[in-house]
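Overview (structure and organization)
What follows is each chain in one-letter form.
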Amino acid sequence: MSAQLSAEQGEGGTVEYYLHLAELVLDYLDGNKALVESAVSSNSFPLILSVLSEQLILDIRDKLREDARRGEQLPASPEVMAAFFVGGVMETAQSWLKRGRQLGEEELKEQLGALLNHFYMSASAR
């Protein structure tokens with residue numbers, strides 16, 4: 001996933017970048033259904049999410065540092081923003097899986113996109 005993310009980092013704007021990350025997480029979980037469903041019902045699921053989260057945090061932190069170097073005003077440090085974003089996406093994905101994917105994947109992606117747009121617009125207005 002990290003190689004795919006690195007190759008695509010320059011595409012799109014800020015909101016598109018973070019939405020793309022959320023979509024990569026959901027696609028990864030969907031593409032590995034058997035493993036994920038087995039892990040959800042065991043104690044290994046937090047470990048899988050932790051490994052995935054750590055890589056995403058590093059990738060996002062680096063992107064945010066790059067944004068700050070280009071003069072973009074960040075509402076918090078890159079480290080805090082990266083952990084906050086990844087924590088929200090991972091908790092949402094975990095909840096979605098544990099509740100049997102009651103919401104369609106596309107609808108979940110649309111709602112995450114709406115949230116990201118809202119938070120980005122709020123932060124940019126400051």
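Please refer to the structure placed before this passage.
Below is a summary of the structure that appears in this document. (Residues numbered from 1 in each chain as written. Predicted model: local features only at pLDDT ≥ 70, side-chain atom pairs only at ≥ 80, totals over all residues. Heavy atoms only, no water.)

Observations concerning the nonpolar core
Among the nonpolar cores identified, the biggest contains 28 residues, and Tyr-18, Val-25, Ile-60 and Phe-85 are the most heavily contacted of them. Elements that contribute at least two residues to this core include exactly helix 2 (14-31), helix 3 (33-40), helix 4 (45-69), helix 5 (78-98) and helix 6 (105-124). Setting aside chain neighbours within four positions, we find Phe-85 in contact with Tyr-18, Leu-21, Ile-60 and Leu-116. (Core = buried A, V, L, I, M, F, W, Y, C linked by side-chain atoms within 4.5 Å. Buried < 20%, exposed > 50% of the residue type's maximum accessible area, 1.4 Å probe, protein only. Helix = DSSP H or I, 4+ residues; strand = E, 2+ residues; numbered from the N terminus. Contact = heavy atoms within 4.5 Å.)

Digging into the packing of helix 2 against helix 4
Where helix 2 meets helix 4, the closest approach of the two axes is 12 Å, and the angle between their N-to-C directions is 165°. With respect to helix 4, the axis of helix 2 lies roughly antiparallel. As for how helix 2 packs across helix 4, the hand of that crossing is right-handed. Across the interface between the two elements, Tyr-17, Tyr-18, Leu-21, Val-25 and Tyr-28 of helix 2 pack against Leu-52, Leu-56, Asp-59, Ile-60, Lys-63, Leu-64 and Asp-67 of helix 4. Residues belonging to the contact of helix 2 with helix 4 are distributed by class as follows: nine nonpolar, no polar and three charged. (Axes fitted to C-alpha atoms, helices over the stretch in contact; angles between N-to-C directions. Parallel < 35°, antiparallel > 145°, perpendicular 65-115°, else oblique. Left-handed = near helix turned anticlockwise from the far one by under 90°. Nonpolar A, V, L, I, M, F, W, Y, C, P; charged D, E, K, R; others polar.)

Some words on the packing of aromatic side chains
For the coordinates displayed, the defined rule picks out two aromatic pairs. With a centroid separation of 5.0 Å and an interplanar angle of 80°, the aromatic rings of Tyr-17 and Tyr-18 are classed as edge-to-face. Comparing Tyr-17 with Tyr-18 shows no difference in burial state: the two are buried. Three or more aromatic residues joined by ring pairs form one cluster here, namely Tyr-17, Tyr-18 and Phe-85. Here the basic side chain of Lys-63 rests over the ring of Tyr-17, its NZ or CZ set 5.1 Å away from the ring centre. (Phe/Tyr/Trp six-rings, centres within 6.5 Å; stacked < 30°, edge-to-face > 60°. Lys NZ or Arg CZ within 6 Å of the ring centre and 35° of its normal.)

Looking at the packing of helix 4 against helix 5
Direction vectors running N to C along helix 4 and helix 5 enclose 145°, while the axes themselves pass 8 Å from each other. Seen from above, helix 4 lies across helix 5 with right-handed handedness. Where helix 4 abuts helix 5, its residues Phe-45, Leu-49, Leu-52, Ser-53, Leu-56, Ile-57, Ile-60, Arg-61, Leu-64 and Arg-65 lie against Pro-78, Glu-79, Met-81, Ala-82, Ala-83, Phe-85, Val-86, Met-90, Gln-94, Leu-97 and Lys-98. By residue class, the composition of the contact of helix 4 with helix 5 is 15 nonpolar, two polar and four charged.

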